[in-house]
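Residue-level listing of the chains:
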There are 2 protein chains.
Amino acid sequence: MTTTATAPQATRRKAPEPATATALKLFVVLARAQRAITERINASLVEKGLTEAEFAILEALYHKGPLLLGEVQRKILVSSGGITFLVDRLAERGLVERQMCPSDRRARYAALTKKGEALIGQIFPAHAEAIREAMSGLSRAEQKQATELLKQLGLAAAIRKPAAE
Amino acid sequence: MTTTATAPQATRRKAPEPATATALKLFVVLARAQRAITERINASLVEKGLTEAEFAILEALYHKGPLLLGEVQRKILVSSGGITFLVDRLAERGLVERQMCPSDRRARYAALTKKGEALIGQIFPAHAEAIREAMSGLSRAEQKQATELLKQLGLAAAIRKPAAE
DNA sequence: TGATATTATCTCAGTAGTAAGATGTTCAAT
DNA sequence: ATTGAACATCTTACTACTGAGATAATATCA
């Protein structure tokens, strides 16, 4: 923590160091951009009667085939209670079913039913198109640039920060 | 784990167009980066007993002075019921108080109490520092570049999409 | 072989909000 | 003044989860 002892100005709140100001600005625009994007995307999901997490499960199973609940959980980043709850809800609607795992009796697969497969197969293209549209504020080259930067940012941030108490 | 390492199903989904694939990738890394960042930041807020929204209110009042509830609401992007609830909760803890608006009897100001001012004044610097650290996966120049791209992306996405369909 | 730790899922109480509509206030045009 | 639209906030019912702990199965190792 580099608290460089600059003379405290009693005027307005102490202005942060430039490096911190840059980071704060990025923090704000990152949050706003993500919110603006997901608000658009989720609006189209709500019309289909799916939450973001439900859609994410269907999509994961659609593209990867049956997955263990734990695998889905890690992929869509919900709690263990959450994945049970979500799969229950999708199962009640007949979109997903649990299957035994032959090699581990604790574990269960989640798999799309015919009905679930039909549903996600129908709405995924529109979802992808909505994302393409939502991102159209940037050219493709800019999108790739942003992707690289965000990948780097996200990976670094995901690493447990140095054990500085 | 060995689920027949061979082709799971021949149902390889139709690959999306390149432009859509680019947008999808950006969508994923944007969500992941934002999540990794806010998870770090929020962890430090939880230690202080504040949610993200509560902190955002305190910060807004700290930097702008008393604000009408509606102004705070629009600034931190919660529902009208949400802002009432949040200000109630902060008021119960003695961090914020409501004040009459002399020119409009419908409206109320939210203002920091001494206690609230002391709290936010104490934790804001650490918060800013946590953000600086969370962003340190990018150089300052890269952060500025990312900020520009995200600003452009966010602004475009926030505009109501053309009323086509 | 057990003893112990780990893992996978499930249960259930709790939480941080949202959505829709109610209430009281202001404003503009009669 | 009077009506009605627009507003600012509040109330209530609900929701989509989270977190902690329970249960059962598997892995590790003395």
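As a reminder, the structure under discussion sits directly above these lines.
Quick summary incoming for the structure in this document. In this text the structure is predicted, and so the values were computed from the model without any measurement.

### Some words on the protein's contact with DNA strand C
Point 1. Looking at DNA strand C, there are 22 residues lining it, with Gly-70, Ser-80 and Arg-106 of chain A together with Ser-79 and Arg-89 of chain B nearest.
Point 2. A distance of 2.5 Å separates a phosphate oxygen of DNA strand C from a polar atom in the backbone of Gly-70 of chain A.
Point 3. A distance of 2.7 Å separates a phosphate oxygen of DNA strand C from a polar atom in the side chain of Ser-79 of chain B.
Point 4. Elements with a contribution of two residues or more to the surface near DNA strand C: α3 (69-76) and α4 (80-92) of chain A together with α4 (80-92) of chain B.
Point 5. Classifying every residue of the surface near DNA strand C by side-chain character gives seven nonpolar, eight polar and seven charged.

### Describing the sheet that holds strand β1 (residues 67-68) of chain A
Residues and elements named next belong to chain A.
Point 1. Strand order in the open sheet formed by three strands is β1-β3-β2, with antiparallel pairing between adjacent strands. The strands lining the two open edges of the sheet, one partner per strand, are β1 and β2 (96-100).
Point 2. The pairing of β1 with strand β3 (residues 108-112) spans two bridges and is antiparallel. By the bridge assignment, Leu-68 is partnered in β3 with Tyr-109.

### Brief notes about the interface of chain B and chain A
Point 1. Taken residue by residue, the interface counts 57 residues in chain B and 59 residues in chain A.
Point 2. Regarding the contact of chain B and chain A, the summed buried area is about 6000 Å², with carbon and sulfur atoms giving 68% of it.
Point 3. For chain B, the biggest contributors to the area lost against chain A are Arg-13, Phe-27 and Leu-149 of chain B; these three give 11% of the whole.
Point 4. At the boundary of chain B and chain A, one finds zero salt bridges.
Point 5. Contributing elements (two or more residues each) for the side of chain B that touches chain A: α1 (18-47), α2 (52-64), α5 (114-134) and α6 (140-158) of chain B.
Point 6. Broken down by element, the side of chain B that touches chain A gets its largest block of residues, 21 residues, from α1 of chain B.
Point 7. Split by residue class, the side of chain B that touches chain A holds 30 nonpolar, 12 polar and 15 charged.

### A look at α6 of chain B
Point 1. With 19 residues, α6 of chain B extends 26 Å between its outermost C-alpha atoms, agreeing within 8% with the 27 Å of an ideal straight helix rising 1.5 Å per residue.
Point 2. Looking only at α6 of chain B, the buried set comprises Gln-143, Ala-146, Thr-147, Leu-149, Leu-150, Leu-153, Gly-154 and Ala-157 of chain B.
Point 3. Looking at the buried positions of α6 of chain B, the neighbouring elements they touch are α1 (18-47), α5 (114-134) and α6 (140-158) of chain A together with α1 of chain B.

### A short note on the side chain of Thr-20 of chain B
Point 1. For Thr-20 of chain B, the location among the structural elements is in helix α1.
Point 2. The class for Thr-20 of chain B is buried, based on a relative accessible area of 8%.
Point 3. In this view, Thr-20 of chain B contacts Ala-128 and Arg-132 of chain A; residues no more than four positions away in its chain are not counted.

### Remarks on the nonpolar core
Point 1. Counting 88 residues, the largest nonpolar core has Ile-37, Met-135 and Leu-150 of chain A together with Ile-37, Met-135 and Leu-150 of chain B as the members making the most contacts within it.
Point 2. Among all residues touching Ile-37 of chain A, those that are not within four sequence positions of it are Ala-134 and Met-135 of chain A together with Phe-27, Leu-30, Leu-153 and Ala-157 of chain B.

Cut-offs and rules
Residues numbered from 1 in each chain as written. Chains lettered and ligands numbered in written order. Predicted model: local features only at pLDDT ≥ 70, side-chain atom pairs only at ≥ 80, totals over all residues. Heavy atoms only, no water. Near = heavy atom within 4 Å. Polar contact = N/O pair within 3.5 Å; in protein donor to acceptor, adjacent residues only side chain to side chain. Helix = DSSP H or I, 4+ residues; strand = E, 2+ residues; numbered from the N terminus. Nonpolar A, V, L, I, M, F, W, Y, C, P; charged D, E, K, R; others polar. Pairing = 2+ DSSP bridges. Contact = heavy atoms within 4.5 Å. Buried area = accessible area lost by both parts, 1.4 Å probe. Salt bridge = Lys/Arg side-chain N within 4 Å of Asp/Glu carboxyl O. Expected span 1.5 Å × (residues − 1). Buried < 20%, exposed > 50% of the residue type's maximum accessible area, 1.4 Å probe, protein only. Core = buried A, V, L, I, M, F, W, Y, C linked by side-chain atoms within 4.5 Å.

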